[in-house]
Structure formats: structure tokens, C-alpha cells
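# Breakdown of the fold
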Amino acid sequence: MVSDRTRFKLLIGLVTISGFSQGMLLPLLALLLEQDGVPSSVNGLHATGLYIGVLLASPFMEKPMQKLGFKPMILIGGLLVFISLAFFPVWHALWFWFILRVTVGIGDHMLNFGTQTWITYTSAPEKRGRNIAYYGLFFSLGFSIGPTMTRLLSVNENLPFIISAVLCFLVWTSLFFIRNEWPQQEGEDRIHAAPRSSLGRFIKTWKLAWVALLPPFGYGFLEATLNGIFPVYGLRIGHDVDVLSLIIPCFAASSLITQIPLGILSDKIGRKKLLSLVLCFGSASFLLAALFEGSAAWLFITFALAGMFLGSIFSLGVSYMTDILPKSLLPAGNIMCGIAFSIGSISGPYLGGVFIDLFPAVSFFYVIVAMLVVILGALLLQQSKQPIRATE
């Protein structure tokens, strides 16, 4: 079996391919459905299938992980992902693709929950921000590469699905070289200090760490809206498909520059202070996008700026959650980060699709700005209160 350092690298590889599959599916299916004449509101609702799968799986993952360990959870999740991707070319039907999207969502969440919890459990406090930043960095790397697969539509619309299924399978096989571990291995007495029921642990996690769940919600909203609805909106305001396929990855690609520096900086100055700063600058970036959305050059610039500021808010939120919670609640905390991410991902495309249907003359970027301002306001209000403390 491999060393701890190699295990970390293999887990990061799994995260990368998970980001790739999600980053590919959102714009790829959005463009295919738009070409079929599907209304943007229905298109946006269809995009929520990935995150409905996350919500369906979330309540049932904590206890199986405690019994089976991290590795079986990730293996099952990866298996669901690459099988579902392979089935997309079988039948071009709206309802069938929705079922496959839900299945990919379940598999991706199992994979991400397993890898994310494994990393947070085994990271030393002084390296936590850096390690989780690597998690976010490589997810963003995969997510930024994914949308470029839309360029293969001119060759064959089934080719992106086939390539992604093969890549997922190859990376998934690396997990067989990792030794399984269980959450209970580190501090049995702490496990019993938490509420015994899953519902009780979720409620306690919410009470202690609700503010840390807002950044994952915001990132889910951003990610799904920019990849699921912006392609539709971009076509309607006159941008070319090939240009859009390059603009969309700018958000995730630019975050690659700042993920590690921001993760290290968060270890030094604190997560909440850094989150407030990046949310402020990210909101300003999308205000500029709303003002200059007719220019492809300006969209490249504003997407890149927004990605540099906001591309780390999921990993920063997870690090902040890990700081707040005792280790006995980390599985519940990671699940709730996934739930918050999914709620944001479900609400984003649907609200964005409805907005551009109801207000075609108003920039849909204002929806994003409003969401970011609400999260920033909640963080600033929380900062004025007594700091949260949780004992190990």
C-alpha cells in the first residue's frame, strides 16, 4: 500500500476528475438542450439534477462511512460517475439525461465527501488551510478543463461523454492502492461526545458552524450559474459558442493562481477576515461584468478577476468549518458543506434561468452580485458577535 503522502496525491487526483466531470456536464448539456429549443427556465431546472442527487445522498452517508471507512465510499461514488457518463450517448432524451445527472450527483458527492473528510481528518491544524486549498485548487483545475470539451461537439456530440468516462475510470482504479481508514480511528471517545443520532449531529453542526456553510453555498451558486446558465445568456446577447467555451473556464482557471496563496494566508490571518475581503472584491468584479457584458474582452477580464477572488470560497469555508467543529462532528460538517453547496447549485441555475426569461433587458450578473452581498453581510454581522468556540 502507498504512503500517506502518495495517498494525498491520489485523493487529489480523484478530486480533479470529479471537477472535470462536473465542469464538462453543465455547459455541455446546457448547449445541447438550447440547440434542441428547450426553454432557459427548463434548461436551468434540468441542470439542478446534479445537485438534487447530492441532496438525496447526503442524509445517508455519515453512518455508512463510519462502518465501511473512507475508501469504499469513494469507490462506490466513482463507479456511479463513470458508468453514468458512459450512458449519456445511449439515449438522447430530456428525462433520461436528468436521471443520469442525478446519478452523477450522487456519485460525485460520495467521492467528494469521502476525499474531503479524509483530508480534513488527517491534516495538521497548521497545514489545514494549505491542504484544503490543494483540494480546491485541483477541483478547480478539473472544472476549468471540463468546459473545453464543448469544442468537441463539432466532431461528435457523444465524444465528450466517452472521453470523460474513460478518464474517470482510469483515475478511479488508482484507489485500489490506498489502505482503507475509518473516522473512528482517531479518538473514539470524541465520537461518543457528539449526539448519537445523525439528525442530532446535523443540528449541532448547524448551530456551531452555520456561518461557515455560507461560502460553500455561494460557490455552488456561482459554479452552477456560470456553467449552466451563462452559456445560454451569452448566446442570447450575441457571443459565439467558441468564445463562450473559453470565457467560462476563466473563472475556475484564474482561481488556480490564488488557491494556495489564499489558503496559506487564511492560516495566518483567519478564515472569516479573508472570506469577507474576497467576497467584497468578487462582488465588484461581477458588477463590472454586468456593465461591460457586451464585450468579450471585458468578460475574460472580469471572469478572471472574480475567479481569483471567489474561486477559493468553498475550500476556505471547509477550512473554517474544520476550525470551528470538534473532530467528532467533521463527517456531519463535511456533509452539510456539500448540502449547502448543492442548495446553492440548485437555486443558482433556476433563479438565473427565470431571471433572464422575466427580465431579458437586465444583466443576469446582478443576481450573482445580490447573492454575494447577502453572504458578505451575514459574515460581517457574525464578526461583530462573540467568536464561536468548540472544544475537541
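Refer to the preceding data block for the structure.
Residues numbered from 1 in each chain as written. Predicted model: local features only at pLDDT ≥ 70, side-chain atom pairs only at ≥ 80, totals over all residues. Heavy atoms only, no water.

## So, the environment of leucine 85
Here leucine 85 is to be found in helix 5 (residues 70-87). Exposure remark for leucine 85: the relative accessible area of 0% places this residue in the buried category. The contact partners of leucine 85, leaving out residues within four places of it in the chain, are Ser21, Met24, Leu25, Phe161, Ser164, Ala165 and Cys168. (Helix = DSSP H or I, 4+ residues; strand = E, 2+ residues; numbered from the N terminus. Buried < 20%, exposed > 50% of the residue type's maximum accessible area, 1.4 Å probe, protein only. Contact = heavy atoms within 4.5 Å.)

## Comments concerning the side chain of glutamine 22
With respect to the helices and strands, glutamine 22 occurs in helix 1 (residues 4-35). Engagement of the side chain of glutamine 22 in a polar contact is seen with the side chain of aspartate 108, the distance being 3.5 Å. (Polar contact = N/O pair within 3.5 Å; in protein donor to acceptor, adjacent residues only side chain to side chain.)

## Some thoughts on empty space enclosed by the protein
Under the criterion given, the structure shown has 5 cavities of 30 Å³ or more. Asn112, Tyr135, Phe139, Phe314 and Phe341 are the residues nearest the centre of the largest cavity, which is lined by 22 residues in total. If you list the elements that add at least two residues to the lining of the largest cavity, you get helix 3 (49-57), helix 6 (94-122), helix 7 (128-145), helix 15 (313-324) and helix 16 (330-358). Broken down by element, the lining of the largest cavity gets its largest block of residues, 6 residues, from helix 6. Partitioning the lining of the largest cavity into residue classes produces 9 nonpolar, 12 polar and 1 charged. (1 Å grid on protein atoms, 1.4 Å probe; cavity = no way out; pocket = protein on both sides within 12 Å on 5 of 7 lines; lining within 4 Å. Points joined across faces, edges and corners; volume = space filled by probe spheres on them. Nonpolar A, V, L, I, M, F, W, Y, C, P; charged D, E, K, R; others polar.)

## Here we look at the layout of surface pockets
Taken as a whole, the largest pocket holds about 260 Å³ of empty space. Contributing elements (two or more residues each) for the lining of the largest pocket: helix 1, helix 6 and helix 7. For the lining of the largest pocket, the element with the most residues is helix 1, which contributes 5 residues. The class makeup of the residues in the lining of the largest pocket is 5 nonpolar, 3 polar and 6 charged.

## Topic: the packing of helix 1 against helix 2 (residues 40-47)
A packed helix pair is summarised by two numbers, namely the angle formed by the two axes and the spacing between the axes. For the pair helix 1 and helix 2, the least separation of the axes is 10 Å and the interaxial angle reads 150°. Between helix 1 and helix 2, the interaxial angle falls into the category roughly antiparallel. At the point where helix 1 passes helix 2, the crossing takes the right-handed sense. On helix 2, the residues that touch Leu26, Ala30, Leu33 and Glu34 of helix 1 are Asn43, His46 and Ala47. A per-class count over the contact of helix 1 with helix 2 returns 4 nonpolar, 2 polar and 1 charged. (Axes fitted to C-alpha atoms, helices over the stretch in contact; angles between N-to-C directions. Parallel < 35°, antiparallel > 145°, perpendicular 65-115°, else oblique. Left-handed = near helix turned anticlockwise from the far one by under 90°.)

## Here's the deal with helix 5
With 18 residues, helix 5 should cover 26 Å at 1.5 Å per step; its first-to-last C-alpha distance of 27 Å lies within 8% of that length. Listed as buried for helix 5 are Phe70, Lys71, Met73, Ile74, Leu75, Gly77, Gly78, Val81, Phe82, Ser84 and Leu85. Its buried side turned inward, helix 5 meets helix 1, helix 4 (62-68), helix 6 and helix 8 (159-172). (Expected span 1.5 Å × (residues − 1).)

## Some thoughts on the pattern of salt bridges
Applying the stated rule across the entire model yields 7 salt bridges. In this structure, the salt-bridge partner of aspartate 4 is arginine 7, at a minimum N-O distance of 3.5 Å. Pair noted here: aspartate 4 and arginine 7 are both in helix 1, with a separation of 3 residues, about one helical turn. Overall, aspartate 4 belongs to the exposed group, its relative accessible area being 54%. Among the residues examined, arginine 7 registers a relative accessible area of 9% and is labelled buried. Each member of the salt-bridge network shares a partner with another, and the members are Arg128, Asp267, Arg271 and Asp323. (Salt bridge = Lys/Arg side-chain N within 4 Å of Asp/Glu carboxyl O.)

## A few points about the nonpolar core
Judged by nonpolar contacts, the single largest core of 115 residues is most densely connected at Leu222, Phe230, Phe286 and Phe365. Broken down by element, the residue count for this core peaks at 13 residues, all from helix 1. In contact with phenylalanine 286, other than residues within four places in its own chain, are Leu222, Leu226, Phe251, Ala306, Leu310, Phe365, Ile368, Val369 and Leu372. (Core = buried A, V, L, I, M, F, W, Y, C linked by side-chain atoms within 4.5 Å.)

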